[in-house]
Amino acid sequence: MKVEFITRENADRLIIVFAGWAMDPRPFKGLRRDGYDIALVWDYNSMHIDWSFAGAYSEICIIAWSLGVYASAISTYAIDSRVTRRVAINGTLYPVDRRRGIPENIFRGTLEGLNERNLLKFYRRMAGSRERFELFAANMPQRQVDELKTELEAFYPLPLLAHEPLKRWDMAIIGRDDAIFPAVNQWRAWQGTPIEILDEPHLIDIRKIIDHYIVDKERMSSRFARQQDTYDDNTPVQANIVERLCNMAEARGIDKYAGMRGARVLEIGCGTGLLSRHINQWCDCETSFEMWDIAGKAPLQGPQRIFRQTDAETSIMRIPSSSVDIIASSSTIQWFNSPTRFFVECSRILASGGYLIASTFVKGNLYEVAQATGRSLPLLSARQWSEIIPDTFDVIDWYSYSYTLEFDSAIEVFRHLKGSGVNSLDRDSAGDSHIRNALAHYGADLDGKYRATYRPLLFILRKK
């Protein structure tokens, strides 16, 4: 495999894009994401890769497309301890497979008939439309056919491997019109993994995938830091969530569990302390209560009360196993790149019988804002959240509900979002912001009110 940096600004986080077959860096030159360096991996003539280029990064996200899905899955074991999000695009862990990949007769026909003319046909089928092919052709890869044939042979038959392909993926994106990996085969292959089906061909705009699925943590941190003084006044839904979450926990006796002599409690995303103050009432002076947040300052002080300003998603990977009794988090983990990895790490660091008490938001959250802006967080449905829970947990409580706020104008909705740090009109990697368009498209209901509907999910898990 070959590696080339597309953007390199000495960031602390890295996105690695595994390209498909017959690619080189030319079609990917426009990729960027604030707060991340981006490296491209291509050319699978050899499945070996030297990971020294990734040594300095605290967090790594994997975006893998087409045959790059399989290539990434068999090659990233050495860096897995720092990998959060993994997104598969129009590919599977079964490159040549009648039901879960490219049917063997099609793959073999491509391999045996490969020449300059048929390669161009492949690119056209991959693009799906004349317009998209013309855009692709402006930056077409410059590879030799003999080299590409050898690369394709690396996937058929599959080589004997030292490891089975990694199974942990956060999202599988399937193009409904994919003419290379049939969409139905992809759907079969990714059962048990959250799936997003798009009206797209095999060639998908990876820049848009990165914008949507990779969190700009530096911007998020600065945004929440700016709104520390206005957050509580603009977040009645968060206060409601905390009250319900604490009532759930106390009904299960978790408040008494937290008050045990020598108990260890970790709160992730303490913010201004809405949940912290409730938890503090459960704990005595011998309870170790550590609060983490990516922005802000300590909401509580005192003996055994510790605050750390940190990226919890990566810091939790460095906590010793079985060292925490309770993990609590409210309205935070929807901002993580990988909820799947977060659950795995929570299970690892919790002691046997320990609890994870948390809330997040599910798909459809702030749907009115999404309709007006065309933007939303890549949230999971309640069912998808349940499917990524490791089998090391028992589900003690689990429910979702809706909470609707009313406003007199569209601009008041966006002032509310800005005051809470949840700004849906941030610029994307192309520098676009759409405030005027969003205001024009934010419709009032029949009573003249403008509404914003939150959809929280609350749950309590106990480690077996």
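About the thresholds
- Here the residue index of a chain counts from 1 through its sequence in written order.
- A pLDDT threshold of at least 70 governs which residues receive local features in this predicted model, and a stricter bar of 80 or more applies before side-chain atom pairs are shown or counted, although totals over entire chains, interfaces and linings include all residues.
- Think of the side-chain values as coming from all heavy atoms in the structure, minus any hydrogens and water.
- Only DSSP runs of H or I reaching four residues or more are called helices, and only runs of E reaching two or more are called strands; each is numbered from the N terminus.
- Here the radius of gyration uses the C-alpha set of atoms, whereas the globule reference equals 2.2 Å times the residue count to the power 0.38.
- Whether two residues are in contact is decided by their heavy atoms: any pair within 4.5 Å suffices.
- Should DSSP find at least two bridges between two strands, the strands are regarded as paired.
- Lines fitted to C-alpha atoms define the axes, with helix axes restricted to the stretch in contact, and inter-axis angles between N-to-C directions lie between 0 and 180 degrees.
- Orientation categories follow fixed angle ranges, with anything under 35 degrees roughly parallel, anything over 145 roughly antiparallel, 65 to 115 roughly perpendicular, and all other angles oblique.
- Left-handed describes a crossing in which the near helix is turned anticlockwise from the far one by less than a right angle; the clockwise case is right-handed.
- Charged means Asp, Glu, Lys or Arg here, nonpolar means Ala, Val, Leu, Ile, Met, Phe, Trp, Tyr, Cys or Pro, and polar covers whatever is left, Gly included.
- With a 1.4 Å probe rolled over the protein chains alone, any residue whose accessible area is under 20% of its type maximum counts as buried; one over 50% counts as exposed, and the rest are partly exposed.
- Any N or O atom pair separated by 3.5 Å or less is treated as a polar contact, with the protein-specific requirement of one donor-capable and one acceptor-capable atom, and with residues adjacent in sequence counted only for side-chain atom pairs.
- Any two of the Phe, Tyr and Trp rings considered here, Trp counted by its six-membered ring, make a pair once their centres fall within 6.5 Å; the pair's planes then place it as stacked at under 30 degrees, edge-to-face at over 60, or tilted in between.
- A ring is scored as having a charge over it whenever the NZ atom of a lysine or the CZ atom of an arginine sits within 6 Å of its centre and within 35 degrees of its normal.
- What we call a nonpolar core is a set of buried Ala, Val, Leu, Ile, Met, Phe, Trp, Tyr and Cys residues that are connected through their side-chain atoms within 4.5 Å.
- Salt bridge, as used here: a side-chain nitrogen of Lys or Arg that lies within 4 Å of a carboxyl oxygen of Asp or Glu.

S.K.: Which residues make up the overall build of the protein, and what are the values?
M.R.: Along its length, the protein carries 17 helices and 16 strands. By the compact-globule yardstick of 23 Å for 464 residues, the protein fits well, its C-alpha radius of gyration being 24 Å. C-alpha extents for the protein along the principal axes are approximately 70 × 55 × 40 Å. A fraction of 77% describes how many contacts in the protein between residues 6 or more apart in sequence connect residues 24 or more apart.

S.K.: Please give an account of the sheet that holds strand β1 (residues 2–7) that cites residues and values.
M.R.: Pairing is mixed across the open sheet formed by seven strands, whose spatial order is β1-β3-β2-β4-β5-β6-β7. With partners counted over all chains shown, the strands left at the sheet margins are β1 and β7 (195–198), one partner each. The average angle at which neighbouring strand axes cross in this sheet is 20°, direction not considered. Judged from the four bridges that link them, strand β6 (residues 171–175) and β7 form a sheet pairing that is parallel.

S.K.: I'd like to hear about the packing of helix α3 (residues 116–127) against helix α4 (residues 130–137), residue by residue, with values.
M.R.: When two helices pack together, their arrangement is given by the angle between the helix axes and the distance between those axes. Put simply, α3 and α4 touch, their axes get as near as 8 Å, and they point 120° apart. Relative to α4, α3 is oriented oblique. Crossing geometry of α3 relative to α4 is assigned as right-handed. In contact with Leu120, Tyr123, Arg124, Met126 and Ala127 of α3, α4 contributes Arg132, Phe133 and Phe136. Along the lines of polarity and charge, the residues of the contact of α3 with α4 split into six nonpolar, no polar and two charged.

S.K.: Any chance you could break down the side chain of Glu59 for me, citing the residues and the numbers?
M.R.: When you line up the elements, Glu59 lands in strand β4 (residues 59–65). Residue classification places Glu59 among the buried residues on the basis of a relative accessible area of 0%. Looking at Glu59, its side chain comes within polar contact range of the side chain of Thr84, at 2.7 Å. A polar contact of 2.8 Å, which involves the side chain of Glu59, links it to the side chain of Asn337. Setting aside residues no more than four positions away along its own chain, Glu59 makes contact with Asp12, Arg13, Leu14, Arg82, Thr84, Lys217, Asp311, Glu313, Thr314 and Asn337.

S.K.: Help me get a handle on the packing of aromatic side chains, residues and values and all.
M.R.: Counted under the stated rule, the structure contains 20 aromatic pairs. Here the aromatic cluster, defined as three or more aromatic residues joined through ring pairs, consists of Phe336, Phe342, Phe343, Trp385, Trp398 and Phe459. Sitting above the plane of the Phe5 ring, Arg8 keeps its charged end 3.9 Å from the centroid. When the ring centre of Tyr94 is taken as origin, the NZ or CZ atom of Arg100, which lies over that ring, is 3.7 Å away.

S.K.: Account for the packing of helix α2 (residues 104–112) against helix α5 (residues 145–153), naming residues and giving values.
M.R.: As a packed pair, α2 and α5 sit with axes 10 Å apart at the nearest point and diverge in direction by 155°. With respect to each other, α2 and α5 are oriented roughly antiparallel. Taken as a pair, α2 and α5 cross one another with a handedness that is left-handed. Across the interface between the two elements, Phe107, Thr110 and Leu111 of α2 pack against Lys149, Leu152 and Glu153 of α5. For the contact of α2 with α5, a count of residues per class yields three nonpolar, one polar and two charged.

S.K.: I'd like to hear about the environment of Pro27, residue by residue, with values.
M.R.: Mapped onto the secondary structure, Pro27 falls in the loop between β2 (13–18) and β3 (36–42). For the pair Pro27 and Asn139, spaced 112 residues apart in the sequence, the C-alpha separation amounts to 5.1 Å. Pro27 has contacts with Phe136, Asn139 and Pro141, leaving out every residue within four places of it along the chain.

S.K.: Report on the nonpolar core, specifying residues and quantitative values.
M.R.: It is characteristic of soluble globular proteins that their nonpolar side chains tend to be buried jointly. Within the largest apolar cluster, 105 residues are counted, with the highest numbers of intra-cluster contacts made by Ile16, Phe18, Ile63, Tyr123 and Leu356. Those residues within four positions of Ile63 in sequence are excluded, and the remaining contacts are Ile15, Ile16, Val17, Phe18, Val87, Ile89, Ile206, Ile209, Ile210 and Ile214. In terms of nonpolar packing, the next biggest core, distinct from the first, is built from 43 residues, Ala328, Val413, Leu417 and Ala452 among them.

S.K.: Describe unusual backbone geometry, naming the residues involved and giving the relevant values.
M.R.: A cis geometry characterises the amide bond from Tyr156 onward to Pro157, with omega recorded as -10°. Tracing the sequence through the fold places Pro157 in the loop between α5 and β6. Even without being a glycine, Asn90 presents a positive backbone phi close to 45°. Mapped onto the elements, Asn90 comes out in the loop between β5 (83–89) and α2.

S.K.: Can you tell me about the side chain of Thr76, naming the residues and giving the values?
M.R.: Considering the arrangement of structural elements, one finds Thr76 in the loop between α1 (67–75) and β5. For Thr76, a relative accessible area of 0% gives the class buried.

S.K.: Explain the pattern of salt bridges to me, and be specific about the residues and the numbers.
M.R.: Scanning the entire structure with this criterion turns up 38 salt bridges. For Asp199, the salt bridge identified is with Arg176, shortest N-O distance 2.6 Å. A residue pair is termed long-range when its members are at least 10 positions apart, and Asp199 in the loop between β7 and α7 (206–213) and Arg176 in the loop between β6 and α6 (183–189) qualify at 23 residues. Across the pair Asp216 and Arg219 runs a salt bridge whose closest N-O atoms are separated by 3.7 Å. Salt bridges here are not isolated pairs; linked through shared partners, they connect Lys2, Asp43, Arg143, Glu147 and Glu151.

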